[in-house]
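Each chain, letter by letter, is given below.
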Amino acid sequence: MAAILNGNKNKLRLDSLYIRNSYDNNTIDKLSIPIAENLVQKFDFKKKNVHLFFPIENRKEVNTWHLYNLIKDSAQIHTSTLNEESEQWDCITFEKTNNFTTTKFGVPIPVNYQLSKWEEMDYIIVPLLCFDSLGNRIGYGKGIYDEILKKTKSNCIKIGLSILKCSEIKIDIEPHDVALDYCQTPFQLHQFTRPI
């Protein structure tokens, strides 16, 4: 039953993981640089609240440290951390001079931070494994970002980052899924229009 409800997501997730894991870390890093450079050319992050994920070392994720270094002096950077008491993800902000540590899950977080609000975000940078031409995305399957994205204001710009190109296969969406506004790959910015 779960496989039916999940449509083609499991296969697309596994296929994308296989391809991404075939890249070495040096290649991932090289492909992450034009992603960051293209974003700062196309979006004005100055004096904006930008929620940024930081890459988990062994996951072959887009290296967002490049983007962080390009915008940290002009934007207010936010990220998230798991609140173990509430079992919810807190939005947090921090000073650019802050040092980082990693959680037990390997997620980089600032050593010192203050709570902020999801509703304050002007941009949210979203990790993913796969995306399609309608802006639907597949993550790791835990629904973390679907919950986070529902808490942002309606005009918050949702930007996915992907090493891989847009999937030619349309993702079978579920009621809880939240689509992206854009997705930046190393070579192209995809802008999505959704049917009304």
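Structure's up top.
First, a word on what this report is: a plain description of the structure on this page. (Residues numbered from 1 in each chain as written. Predicted model: local features only at pLDDT ≥ 70, side-chain atom pairs only at ≥ 80, totals over all residues. Heavy atoms only, no water.)

**Topic: the overall build of the chain**
No. 1: A tally of regular secondary structure across the chain gives five helices and twelve strands.
No. 2: Scaling as 2.2 N^0.38, a compact globule of 196 residues should have a C-alpha radius of gyration of about 16 Å, and the chain matches this with 16 Å.
No. 3: Along the longest, intermediate and shortest principal axes, the C-alpha atoms of the chain span 45 × 40 × 35 Å.
No. 4: Accessible area of the chain: about 10900 Å², with a carbon and sulfur share of 51%. (Helix = DSSP H or I, 4+ residues; strand = E, 2+ residues; numbered from the N terminus. Rg over C-alpha atoms; globule rule 2.2 N^0.38 Å. Areas by Shrake-Rupley, 256 points an atom, 1.4 Å probe, with all protein chains shown as cover.)

**Some remarks on unusual backbone geometry**
Where the residue is not glycine, phi is negative for most of them; where a peptide bond is considered, it is trans in most cases.
No. 1: Of note in the backbone geometry, Lys60 takes a positive phi value of approximately 55 degrees without being a glycine.
No. 2: Tracing the backbone through its elements, the reader meets Lys60 in the loop between strand E1 (49-51) and helix H4 (65-71).
No. 3: With a relative accessible area of 16%, Lys60 lands in the buried category.
No. 4: One non-glycine residue, Glu87, lies in the positive phi region at around 60 degrees.
No. 5: Checked against the element boundaries, Glu87 lands in the loop between strand E2 (76-83) and strand E3 (88-93). (Buried < 20%, exposed > 50% of the residue type's maximum accessible area, 1.4 Å probe, protein only.)

**Quick word on the state of the cysteines**
No. 1: For the structure shown, the criterion picks out zero disulfides.
No. 2: In this model Cys130 remains outside any disulfide bridge; the closest cysteine sulfur is found in Cys166, 7.9 Å from its own.
No. 3: The exposure class of Cys130 is buried, given its relative accessible area of 6%.
No. 4: No disulfide involves Cys156; its sulfur sits 9.5 Å from that of Cys91, the nearest cysteine.
No. 5: Take Cys156: its relative accessible area is 1%, and that puts it in the buried class. (Disulfide = S-S within 2.5 Å.)

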